[in-house]
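# Notes for the structure review
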Amino acid sequence: MTIKTELIDSLAVAEKEFKILSRRKGVIIPLLLFPLVMMIFFGYGMGGTLKDAPFLIVNSDTGQASSSLIQEVGSYTPKYDSYPMFSVTYSKDMSQSEAESKINAGVYKGALIIPPDFSDNIAKNQSTTLTLLTDSSDITASENIINTIKQLLTTTGLLKITGLVSLNVPNIYGNLEYLDFLTPGIIALTIFFGSVMTTGAAIAEEKESGTLVRMLMTPISKRSVILGKTFYQLILELAKAVILILVAYFLVGFRINGSWLLVALVLVLFTLGGVGVGIILSAKAESMESFDQLAMLVTMPSMFLTGVFFPLSSAPVWMQCLARCVPLTYAIDAMRTIMVKGQNLNAISTDLIILTLFAIVTFTLGVHLFRREA
Amino acid sequence: MEPIIEVKNLVKTFDSRGKKITAVNDVSFTVFKGEIFGMIGPNGAGKSTTFSMLTTLTKPTSGNIKVSGLDVGKQDDRIRPIIGIVPQKLSLYPLLTARENLKFMGKLYNIPKKVMEERIDYYLRLVGLEDSADRFTEGFSGGMKQRLSVICAVMHDPQILFWDEPSTGLDPQTRQAIWKLARKFNEDGKTLIFTTHYMEEAENICDRVAVMNLGKMVALDNPEVLKETSGSLNLEQVFMHFTGEGVCN
Ligand SMILES: Nc1ncnc2c1ncn2[C@@H]1O[C@H](COP(=O)(O)OP(=O)(O)O)[C@@H](O)[C@H]1O
Ligand SMILES: [Mg+2]
């Protein structure tokens, strides 16, 4: 046998593979789509700038210096953008803790607090301190804001040049790193993938092997079958979450600032929704293989849309809109609000309502579609 | 004779990629309590589909079925506990042992633990699987799977046993063992309904035989009578007599 014939043989094999692939449309779409999606979304997400970020200026000072600073902040437009970076709300006489609570609630991305004697002190050549609060659970936005304010203080000649003004940036959530930001998102993502894939695949497999029919011809109701699988899934996913949290703790000292119970509540609701999606997909899929493809199609976009790897605030507006349609977004938001910001039930009430709806809708539909029929 | 299954004008059509398939076409028959009832017919004749409907698994397109006086479709919850089904596809969990598979079935039927354990031991011995009780079924031969599959179906001591193709793909010795088992269940008082495409088996074991072809039940009677009416020497010829035309077309 010569190299030539071997080559021809291998080409024939390759051709056959392509032929088969071209007939499996379900595989081609994700195959082509995912690298593209990844490139686009990571590209935009990581390199994004801040637009129209809600920003609070608390100013109790009526002097010249503060008003020129306020003007600079309000009209600041980043180099490559046509939109101002901040959408400013002005306030007088608000305490730092009040401003902090607004940031906690997600109303503002940051707040600049100007002391009442700011202009006076500058006029008298005395030193004074500005306080800048940022939502440091949103790392990109936070860094962006800090850098911009520093830059503006420099250009208005207030920082360094006079040597009188210093900027105090308290870290309201402690020292945060990318991993603090990433961990809650990764947990939510893992739970979503896990619950959709494992439940769905298990049902699809039992359907294919016939064990599902065998189970369903006994007096057991289909609800019990589903419930049994759900319990199993809940335990599995919660255990996974605990392991992930522990790993993050031992590796980088990741801590949950809020309540473990709330974390569990979010995860339980979200797992239920995921299980529902898994059941729906397995009911629609004829075989194991077609289930895998369907599941990919449903889970993958969530991963790139929802700001697991980068803050949504730095993503383009169209992407933020899409993200609002994906339940994972709300799970991630709730997880970050509890785990990083250490907030209570109130701060995640919207997220919880949406996640509850998600669970109810998918679960009801799943039970409805799940057939006893062989 | 007391009827235990009554089927009237049973029809099942499937929609397969826009094409309508009539799997079961206006079938009516009665099975009597305590008999061994065989359904023979080529692949695709509609035997398994009929079974699915009789056992509450598939909704008929039209027609009526009564099992032990209960309406299929309306009283499924009461029917399921009194029937046992051995599906054509030997669906066992490959990564459970034989005993675990049986236990799982027993639990679904809510059999008390003690009774269940006694039955498991009894049945495993009856079918000669006691030495493989704690092996994963993944490595079982076809005959072993068939034997385990049938005792999975009788764990709850059903009145009626549906057995879809008990002997397909098995060697003659194993087939002998399977039929012996079938007779044993019948002697224990169970009504037995099975399908096959081996005529001589139907002839040897059945009280009555129904011949199915292309969704229709083309004949139903005692094997002896069937041979007489078609003027044939054995069921093989009876079968050809009743289905020959259909197969040729
Ligand atoms: N779920 C289904 N969807 C579409 N067609 C089906 C389905 N189940 C069975 N059929 C068709 O119905 C016919 C009868 O099948 P079946 O009852 O399995 O026959 P048998 O058991 O006698 O071999 C066949 O043509 C088969 O392809
Ligand atoms: Mg069949």
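Up top is the structure.
So, here is what we can say about the structure in this document. Keep in mind that this is a model prediction, so the values were computed, not measured. (Residues numbered from 1 in each chain as written. Chains lettered and ligands numbered in written order. Predicted model: local features only at pLDDT ≥ 70, side-chain atom pairs only at ≥ 80, totals over all residues. Heavy atoms only, no water.)

### Observations concerning the environment of B:G106
All names here are of chain B. Checked against the element boundaries, G106 lands in helix α3 (residues 98-108). For G106, a relative accessible area of 0% puts it in the buried group. Along the chain, G106 and R208 lie 102 residues apart, while their C-alpha atoms are 31 Å from each other. Beyond its immediate chain neighbours, meaning those up to four positions away, G106 contacts I111, M116 and M155. (Helix = DSSP H or I, 4+ residues; strand = E, 2+ residues; numbered from the N terminus. Buried < 20%, exposed > 50% of the residue type's maximum accessible area, 1.4 Å probe, protein only. Contact = heavy atoms within 4.5 Å.)

### Here we look at helix α3 (residues 64-75) of chain A
Residue and element names in this part refer to chain A. The end-to-end C-alpha separation of α3 is 17 Å, in line with the 16 Å expected for 12 residues at 1.5 Å each. Of all the residues in α3, the buried ones are A65, S66, L69, I70 and V73. Along the axis of α3, the buried residues cluster in a sector spanning 130°; they form a single face. Turned more than 90 degrees from where α3 packs its buried face, Q64 and Q71 sit exposed. Elements in contact with the buried residues of α3: β1 (53-59), β2 (86-91), β3 (110-114), α5 (118-123), β4 (128-134) and α6 (139-155). (Expected span 1.5 Å × (residues − 1). Arc of directions from axis to C-beta.)

### Re the coordination of the magnesium ion (ligand 2)
All names here are of chain B. Note on the magnesium ion (ligand 2): its protein donors are S48 (OG) and Q88 (OE1). The metal-donor distances range over 2.0 to 2.1 Å. Taken together, the positions of S48 in helix α1 (residues 47-54) and Q88 in the loop between β6 (83-86) and α3 put the pair 40 residues apart, joining distant regions of the chain. S48 gets classed as partly exposed once you look at its relative accessible area, which sits at 27%. (Donors = N, O, S within 2.8 Å, 3.2 Å for Na, K, Ca; no water.)

### Observations regarding the interface of chain B and chain A
Contact with chain B, which involves 20 residues of that partner, is made by 17 residues of chain A. A buried area of about 1700 Å², summed over both sides, lies between chain B and chain A, and 60% of it is on carbon and sulfur atoms. The largest share of the area that chain B buries against chain A comes from B:L57, B:R80 and B:L108, three residues that together contribute 36% of it. In this assembly, chain B and chain A are joined by 0 salt bridges. Where chain B packs against chain A, one counts 5 residue pairs in polar contact (both at pLDDT 80 or more). A class-by-class count of the residues in the side of chain B that touches chain A yields 12 nonpolar, 4 polar and 4 charged. (Buried area = accessible area lost by both parts, 1.4 Å probe. Salt bridge = Lys/Arg side-chain N within 4 Å of Asp/Glu carboxyl O. Polar contact = N/O pair within 3.5 Å; in protein donor to acceptor, adjacent residues only side chain to side chain. Nonpolar A, V, L, I, M, F, W, Y, C, P; charged D, E, K, R; others polar.)

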